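# Examination of the molecular architecture
Okay, here's what each chain looks like letter by letter:
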Amino acid sequence: MDWGLSNRINRIFNKETGRTVMLAVDHGYFLGPISGLEVPSKTVTPLIEYADSLMLTRGILRTSVKPDNNIPIVLRVSGGTSILDEDLSNEGITTSIKEAVRLNASAVALSIFVGASNEKETLLNLAKLVDEAEEYGIAVLAVTAVGKNMVRDARYFGLACRIAAEIGAHIVKTYYCEEFEKVIESCPVPIVIAGGKKLPEEEAFKLAYNAIQKGAKGVDMGRNIFQSEYPVAAMKTIKAIVHKGIGLEEACALFNKLKK
Ligand code: 5RP
């Protein structure tokens, strides 16, 4: 692997643990100003120092993150739909590789919609992105997006993650599910998990803990952190689960202590 690409991937993952806590704040690219992300700078500023990497669009990076930050950037470069669309799979590439270079992105992120009407286009978008990003030594994170009617099981996520890796993604983001170890074992590149909709904190901690125990290389989490009443405490607790491997009981005790 070329030095620049390898260096950028290594920046995303913590050197000691080989894992990452990626803070996802890219939701506005199709959801608009969702709860907790109405003013992105207010959300990001108190959390950024605890994140290993930050996933967001160029618009929010330029306006809401100070350039003196050294945090590795995972730049969301797919979009073109909104929550008002019937078919969210109709995404294209919204940001060029040259722009990703200008923004000093460590990785670019794009959603694939396996099993959806635009499956082929999104997979070809991924292939094109990998070809272009690799020319500049930039990593590609594929997001396995799920349609409303799709079964969220190991067979489906295993299929989507493996296809993403086969096309050349360097990191894959997916969702935790039963028999998650099967998804991990059949995907030859690191997997990070999304948190999904806001859960009670204890459940979010359990999700992160189980995913790490089963082999995930970290989390790419948003709503379960920034929609918490105590986002910094939630972030620090997730970090301890990912990097220190603390169990659920310890995580809850830590969160309760940090809340105060
Ligand atoms: C949106 C995304 C989000 O980054 C991803 O879903 C992670 O955020 P959350 O933990 O809130 O699910 O890719 O499409």
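Structural notes, computed from the coordinates. (Residues numbered from 1 in each chain as written. Predicted model: local features only at pLDDT ≥ 70, side-chain atom pairs only at ≥ 80, totals over all residues. Heavy atoms only, no water.)

### Focus on the nonpolar core
- Judged by nonpolar contacts, the single largest core of 79 residues is most densely connected at L54, L75, V108 and F180.
- Ignoring anything within four residues of it in the chain, the contact list for F180 reads T174, Y175, I191, I193, A211, K214 and A216.
- Membership of the second largest hydrophobic core comes to 14 residues, among which are L5, I12, V74 and A109. (Core = buried A, V, L, I, M, F, W, Y, C linked by side-chain atoms within 4.5 Å. Buried < 20%, exposed > 50% of the residue type's maximum accessible area, 1.4 Å probe, protein only. Contact = heavy atoms within 4.5 Å.)

### Regarding a negative patch on the surface
- Negative charge collects at one region of the surface, where D2, D131, E134 and E135 lie side by side.
- Of note, D2 is situated in the segment before α1 (3-12).
- Of the residues examined, D2 reaches a relative accessible area of 41% and is grouped as partly exposed. (Patch = residues over 30% accessible without salt bridge, like charges linked within 9 Å, V, L, I, M, F, W, Y side chains within 5 Å. Areas by Shrake-Rupley, 256 points an atom, 1.4 Å probe, with all protein chains shown as cover. Salt bridge = Lys/Arg side-chain N within 4 Å of Asp/Glu carboxyl O. Lys, Arg positive; Asp, Glu negative; His and termini not counted. Charge placed at Lys NZ, Arg CZ, Asp CG, Glu CD. Helix = DSSP H or I, 4+ residues; strand = E, 2+ residues; numbered from the N terminus.)

### Quick look at the site of the ligand
- Taken together, 16 residues lie around the ligand, and D26, H27, K173, G196 and R223 are the ones closest in.
- A distance of 2.7 Å is found between an oxygen atom of the ligand and a side-chain nitrogen or oxygen belonging to H27.
- Here R76 contributes a side-chain N or O atom positioned 2.9 Å from an oxygen atom of the ligand.
- When isolated, the ligand has an accessible area of 360 Å², and the protein chains bury 94% of it.
- Counting atoms within 2 Å of the grid points, the majority share of the ligand lands in the largest pocket. (Near = heavy atom within 4 Å. Polar contact = N/O pair within 3.5 Å; in protein donor to acceptor, adjacent residues only side chain to side chain. 1 Å grid on protein atoms, 1.4 Å probe; cavity = no way out; pocket = protein on both sides within 12 Å on 5 of 7 lines; lining within 4 Å. Sits in = over half its atoms within 2 Å of the grid points.)

### Focus on helix α6 (residues 119-135)
- The terminal C-alpha atoms of α6, which comprises 17 residues, lie 25 Å apart, in line with the 24 Å expected from a rise of 1.5 Å per residue.
- Of all the residues in α6, the buried ones are T122, L123, N125, L126, L129, V130 and A133. Down the axis of α6, the buried side of the element spans an arc of 150 degrees, and every buried residue falls inside it. Exposed residues on α6 whose side chains face more than 90 degrees from its buried face are K120, L124, D131 and E135.
- Residues of α6 that are buried sit in contact with β5 (92-93), α5 (97-102), β6 (107-112), β7 (139-144) and α7 (154-167).
- Phi turns positive one or two residues past the end of α6, at G137, with a value near 70 degrees. (Expected span 1.5 Å × (residues − 1). Arc of directions from axis to C-beta.)

### Describing the pattern of salt bridges
- Evaluation of the coordinates by the stated rule reveals ten salt bridges.
- The residue E99 makes a salt bridge to R58 at a minimum N-O spacing of 3.2 Å. Residue E99 is found in helix α5, and its partner R58 is found in helix α4 (residues 58-64); the two are separated by 41 residues along the sequence.
- A residue is classified by how much of its surface remains accessible, and R58, at 27% relative accessible area, is partly exposed.

### Brief notes about the packing of α6 against α7
- Two numbers describe how α6 lies on α7: the axes approach to 9 Å, and their chain directions differ by 35 degrees. The interaxial crossing formed by α6 with α7 has right-handed handedness. Of the residues in α7, those in contact with L123, L126, A127 and V130 of α6 are I163, A164 and I167.
- Tallied by class, residues from the contact of α6 with α7 come to seven nonpolar, no polar and no charged. (Axes fitted to C-alpha atoms, helices over the stretch in contact; angles between N-to-C directions. Left-handed = near helix turned anticlockwise from the far one by under 90°. Nonpolar A, V, L, I, M, F, W, Y, C, P; charged D, E, K, R; others polar.)

### Digging into helix α11 (residues 231-244)
- An ideal rise of 1.5 Å per residue puts 20 Å on 14 residues; α11 measures up with 19 Å between its terminal C-alpha atoms.
- Among the residues of α11, those classed as buried are A233, A234, M235, T237, I238, A240, I241, V242 and H243.
- Contact partners of the buried residues in α11: β1 (20-24), α9 (201-213), β10 (218-221), α10 (223-226) and α12 (248-259).
- A positive backbone phi angle near 70 degrees is found at G245, which sits one or two residues after α11.

### Considering the packing of α9 against α12
- Where α9 meets α12, the closest approach of the two axes is 10 Å, and the angle between their N-to-C directions is 135 degrees. By the angle class used here, α9 and α12 are oblique. Between α9 and α12 the crossing geometry is right-handed. Residue-level inspection shows E201, E202, F205 and K206 of α9 in contact with α12, the latter providing L248, A251, C252 and F255.
- When its residues are assigned to classes, the contact of α9 with α12 shows five nonpolar, no polar and three charged. (Parallel < 35°, antiparallel > 145°, perpendicular 65-115°, else oblique.)

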